[in-house]
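Single-letter residue listing:
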Amino acid sequence: MKLKFIISGILIAAIGLVLSHTYRPYVYENHINDFHLADVIGSIVCVPATLPIVPVV
């Protein structure tokens, strides 16, 4: 049960990092106004990704 939470947290954090490294450059290169979502996408996804891990440890 604990391992499932740890793996899900790691996968969600990895998705957040991939989005941060692909979405942000795309938005900046194409001058898209996304209301600063590109700047905070890592925090929006990666911070909740720690929630499944913190109670387990």
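About the cut-offs
- Residues numbered from 1 in each chain as written.
- Predicted model: local features only at pLDDT ≥ 70, side-chain atom pairs only at ≥ 80, totals over all residues.
- Heavy atoms only, no water.
- Helix = DSSP H or I, 4+ residues; strand = E, 2+ residues; numbered from the N terminus.
- Buried < 20%, exposed > 50% of the residue type's maximum accessible area, 1.4 Å probe, protein only.
- Areas by Shrake-Rupley, 256 points an atom, 1.4 Å probe, with all protein chains shown as cover.
- Expected span 1.5 Å × (residues − 1).
- Contact = heavy atoms within 4.5 Å.
- Arc of directions from axis to C-beta.

1. Some words on the overall build of the chain
Item 1. Summing up its helical and strand segments, the chain has two helices and zero strands in all.
Item 2. Overall, the C-alpha framework of the chain stretches about 45 × 15 × 10 Å when taken along its three principal axes.
Item 3. Counting all 57 residues of the chain, 21% fall into the buried class.
Item 4. Carbon and sulfur atoms form 75% of the exposed surface of the chain, whose accessible area is close to 4,300 Å².

2. Structural notes on helix α1 (residues 2-29)
Item 1. With 28 residues, α1 extends 41 Å between its outermost C-alpha atoms, agreeing within 8% with the 40 Å of an ideal straight helix rising 1.5 Å per residue.
Item 2. Residues Gly 9, Gly 16, Ser 20 and Val 27 constitute the buried set of α1.
Item 3. Tucked inside the fold, the buried residues of α1 contact α2 (37-49).
Item 4. Two residues or fewer after α1 comes His 31, characterised by a positive phi angle close to 50 degrees.

3. Structural notes on α2
Item 1. Its 13 residues give α2 an end-to-end C-alpha distance of 17 Å, which sits within 8% of 18 Å, the value for a rise of 1.5 Å per residue.
Item 2. Those residues of α2 that fall on the buried side of the exposure criterion are Ala 38, Ile 41, Gly 42, Val 45, Cys 46 and Ala 49. For α2, the angular spread of buried residues about the axis comes to 90 degrees, placing them on one side.
Item 3. Residues of α2 that are buried in the fold lie against α1.

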